[in-house]
Amino acid sequence: MTGGGRAVPSGRIARVSAFGRLAGGVAGGVVAEGARRLANGERPRMGDLLLTPANATRVADQLANLRGAAMKLGQMVSMDAGDMLPPELTQILARLRDNAHHMPPKQLDAVLAREWGQGWRRRFAHFQAHPIAAASIGQVHRARLPDGRELAIKVQYPGVKESIDADVDNVATLLRVSGLLPRELDIKPLLEEAKRQLHEEADYRREGAMLTRYGELLAGEDGFVVPKLEPSLTTERVLAMDFVAGVPIETLEDGDQTVRDAAMARLIALVLRELFDWGLMQTDPNFANYRWQPETGRLVLLDFGAARGVPAETSAGYRRLLAAGLSGNRDAVREAAVAAGFMGEAAATAHRALVDRMIDVILSELNQPGVFDFGDRAFVGVLREQAIDMARDRSTWHVPPIDTLFVQRKISGTALLAARLKARVDIRAMVAARIEGEGAAAVA
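Residues numbered from 1 in each chain as written. Predicted model: local features only at pLDDT ≥ 70, side-chain atom pairs only at ≥ 80, totals over all residues. Heavy atoms only, no water.

1. A short note on the overall build of the chain
What counts is decided by this rule: Where helices and strands are cited, they refer to DSSP runs of H or I of at least four residues and of E of at least two residues respectively, numbered from the N terminus. The cut-offs for exposure are 20% and 50% of the maximum accessible area for each residue type, with area from a 1.4 Å probe on protein chains only; residues under the lower value are buried, those over the upper are exposed, and the others partly exposed. Contact definition: two residues touch when any of their heavy atoms are within 4.5 Å.
Scanning the chain from N- to C-terminus turns up 17 helices and 13 strands. Of all 444 residues assigned to the chain, the portion counted as buried reaches 48%. Across the chain, every contact between residues at least 6 apart in sequence was considered, and the portion connecting residues at least 24 apart equals 73%.

2. A word on unusual backbone geometry
One non-glycine residue, Asp 303, lies in the positive phi region at around 65 degrees. Tracing the backbone shows Asp 303 in the loop between β10 (298-301) and β11 (307-309). Look at Lys 422: it is not a glycine, yet its phi comes out positive at around 50 degrees.

3. Comments concerning the packing of aromatic side chains
The following threshold applies: Ring geometry is summarised as follows: Phe, Tyr and Trp rings, the Trp one being its six-membered ring, pair when their centres sit within 6.5 Å, and such pairs are stacked at plane angles under 30 degrees, edge-to-face over 60 and tilted between the two. Geometrically, a charge over a ring is one whose NZ (Lys) or CZ (Arg) sits within 6 Å of the ring centre while staying within 35 degrees of the ring normal.
For the coordinates displayed, the defined rule picks out nine aromatic pairs. When the ring of Trp 120 is compared with that of Phe 124, the centres are 6.4 Å apart and the planes differ by 75 degrees; the resulting orientation is edge-to-face. For Trp 120, a relative accessible area of 1% translates into the label buried. Taken together, a centroid distance of 4.8 Å and an interplanar angle of 85 degrees make the contact between Phe 372 and Phe 374 edge-to-face. Across this residue pair, the class does not change: Phe 372 and Phe 374 are buried. In textbook terms, an aromatic cluster arises when at least three aromatic residues are bridged by ring pairs, as seen for Trp 116, Trp 120, Phe 124 and Phe 127. One residue, Arg 142, lies across the ring of Phe 243, its end atom 3.8 Å from the ring centre.

4. Looking at the pairing of strand β3 (residues 138-144)
Short version of the rule: Strands qualify as paired when DSSP identifies two bridges or more between them.
Counting buried positions along β3 gives five out of seven residues, so the element sits mostly inside the fold. Direction of pairing for strand β1 (residues 126-127) relative to β3: antiparallel, over a ladder of two bridges. In the sheet register, His 126 faces β3, and the bridge partner there is Arg 144. Taking the residues that link successive antiparallel strands as the turn, the strand β2 (residues 133-134)-β3 hairpin has three residues. Across seven bridges, β3 lies against strand β4 (residues 150-156) in antiparallel orientation. Among the inter-strand pairings, Ala 143 is bridged to a residue of β4, identified as Leu 151. Adjacent in sequence and paired antiparallel, β3 and β4 are bridged by five residues, among which Gly 148 carries a positive phi angle near 95 degrees.

5. Considering helix α14 (residues 352-366)
Under the convention used in this document: The length a helix should cover is 1.5 Å for every residue beyond the first.
Under the 1.5 Å per step criterion, the end-to-end length of α14 is 21 Å for 15 residues, consistent within 8% with the ideal 21 Å. Turning to α14, its buried residues are Leu 354, Val 355, Asp 356, Met 358, Ile 359, Val 361 and Leu 363. Where α14 is buried, its residues contact α11 (312-327), α12 (330-339), α13 (345-350) and α15 (378-391).

6. Topic: helix α6 (residues 105-116)
Across its 12 residues, α6 extends 16 Å between first and last C-alpha, which sits within 8% of the 16 Å expected from 1.5 Å per residue. Along α6, the residues classified as buried are Gln 107, Leu 108, Val 111, Leu 112, Ala 113 and Trp 116. Contact partners of the buried residues in α6: β1, β3, β4 and β6 (238-242). Looking one or two residues past α6, Gly 117 carries a phi angle of roughly 100 degrees, positive in sign.

7. Description of the sheet that holds strand β5 (residues 224-225)
For the record, the criterion: Axis angles are defined between N-to-C directions and span 0 to 180 degrees, where every axis is a line fitted to C-alpha atoms and, for a helix, only to the segment in contact.
Strand order in the open sheet made by the four strands is β5-β10-β9-β7, with mixed pairing throughout. Where the open sheet ends on each side, the last strands, each with one partner, are β5 and β7 (247-248). Where β7 lies against strand β9 (residues 290-293), two bridges are found, and the strand directions are antiparallel. Within β9, the residue paired with Pro 248 across the bridge is Arg 291. The strands touched by helix α10 (residues 257-278) within the sheet are β5, β9 and β10, with β10 carrying the most contacts at an inclination of about 45 degrees.

8. Here we look at the environment of Arg 291
Quick note on the threshold: Counted as a polar contact is a pair of N or O atoms within 3.5 Å, where, for protein atoms, one must be capable of donating a hydrogen and the other of accepting one, and residues adjacent in sequence contribute only when both atoms are in side chains.
Following the sequence through the fold, Arg 291 ends up in strand β9. As for Arg 291 and Val 247, which are separated by 44 residues in sequence, their C-alpha atoms are 5.4 Å apart. Those residues within four positions of Arg 291 in sequence are excluded, and the remaining contacts are Gly 246, Val 247, Pro 248, Ile 249, Arg 298, Leu 299, Val 300 and Leu 302. Within polar-contact distance, the side chain of Arg 291 engages the backbone oxygen of Gly 246 at 2.8 Å.

9. Remarks on the nonpolar core
Definition in use: Residues grouped as a nonpolar core are buried Ala, Val, Leu, Ile, Met, Phe, Trp, Tyr and Cys residues, joined through side-chain atoms within 4.5 Å.
Counting 87 residues, the largest nonpolar core has Trp 116, Phe 124, Phe 127, Ile 153 and Leu 301 as the members making the most contacts within it. If you tally residues by element for this core, the top one is α10, at nine residues. Apart from residues lying up to four places away in sequence, Leu 301 is in contact with Leu 218, Phe 224, Val 225, Val 226, Pro 227, Leu 267, Leu 270, Asn 289 and Tyr 290. Core analysis: the second largest hydrophobic core is formed by seven residues, Val 168, Ala 172, Ile 187 and Leu 191 among them.

10. Quick word on the pairing of β10
Looking along a regular strand, one sees side chains alternate from face to face of the sheet. Bridging between β5 and β10 involves two bridges; their strand directions are parallel. Its bridge partner lying in β10, Val 225 is registered against Val 300. The pairing of β9 with β10 spans four bridges and is classified as antiparallel. Bridge pairing in β10 links Gln 293 to Arg 298. If you look at the hairpin formed by β9 and β10, you'll find four residues sitting between the two strands, and Gly 297 has a positive phi there, around 70 degrees.

11. Focus: the confidence of the model for the chain
Put simply, the test is: For every residue, the predictor assigns a confidence score, pLDDT, that lies between 0 and 100.
Averaged over all residues, the pLDDT of the chain is 79; the fraction at 70 or higher stands at 73%. For residues 78-85, every residue scores under 50 in pLDDT, and the model assigns this stretch 25 contacts once sequence neighbours within four places are set aside. Long-range and interchain partners of residues 439-444, a stretch whose pLDDT sits below 50, account for zero contacts in this model, where long-range means more than four residues apart.

12. Focus: the pattern of salt bridges
Basically, it comes down to this: For salt bridges, the criterion is a side-chain nitrogen of Lys or Arg within 4 Å of an Asp or Glu carboxyl oxygen.
Here the structure, examined in full by the defined rule, presents 26 salt bridges. Note that Arg 196 is salt-bridged to Glu 200, the shortest N-O span being 2.7 Å. With Arg 196 and Glu 200 both in helix α8 (residues 188-201) and four residues apart, this pair spans about one turn of that helix. On the basis of relative accessible area, Arg 196 is assigned to the partly exposed category, the value being 38%. The exposure class assigned to Glu 200 is buried, which follows from its relative accessible area of 18%.

Below is the structure:
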């Protein structure tokens, strides 16, 4: 989905001004809502005033216009915590996933002239001016070379790379001011890592190298398609690759159960390979990064800007956690979760009964024999209630290790896609074959 053409604020002053207007608009909304509630005899909390539907719309629209780091951060958080966030904040993040304004033609031409030279149009038999997709840090155009080869060309929005650090800091300030984050929680390492990854994602030469690497890793496999890089047209801010036909992955919702199940099992197996075999993972599970080819039954993989190495200790932490889960041992699961940094020691100690109830729910679901029905989300509501009770104790909030956060984002997003498709997959058998197989190999 793409919004209308609107020039991207590219200068530092323009972007700071945009954040100022956003803060002013939100503040005005807070005052108006506060006055309304006081008139009704209520004593509203600041968090309630900030997260009104009007403010949600205001924030989402402004961040969508800014794009860049602000929008990307919203997408990152939304994919990881969609089941646990307040509904008003979820609304903001959903809008950021689904909406982005594209550059008007004049701004697009200026960007491409800077990257390819003034006569850049002569390189193509056809270049489609209107983008076929617009996302957080770039928009995608379809083009045809003189030899007939069809390309997809991703063009980065101007000013995105230069604005990353300031945008991340501004979003963090908004989170602090909103009261959504406790002041005692140290999110500095997370912010620094977010800046680092966003700088990597804004380097299209790096993404081109990751695209090529994934193509090599999946070469010869019938189930996946990875576009081929076109190096002659790729720069730090423009990425050129084969155009690969496909429909949105969500269209599988209307497909046969067996087709949905097989596609999802393939994607889950890919996550296990990334985590345990390759030590390399594409950590952005946005649904738009997957396409489906009904005529071939293949999955198209797109967008490798968020591909990153997975340290051996992170893989080992997941291996221990999964092994504990397969054993059904609640204590082993809790200890492995703390050791891997999923949960802080303070929360595990202070909320032992809650934690154990959550573990029991998960073990009960995942250790049932046969297929796991991702479409049955009843247990999520139970977990959400437990998580909200724990979240009220802000003194035990904990930021997991950065690498674990990014891996978990991929796992959570894959599970959300499986839920969207109502897939049924024998996830326990897949994990058991992986974990127990490795254990047997180690003994041998």
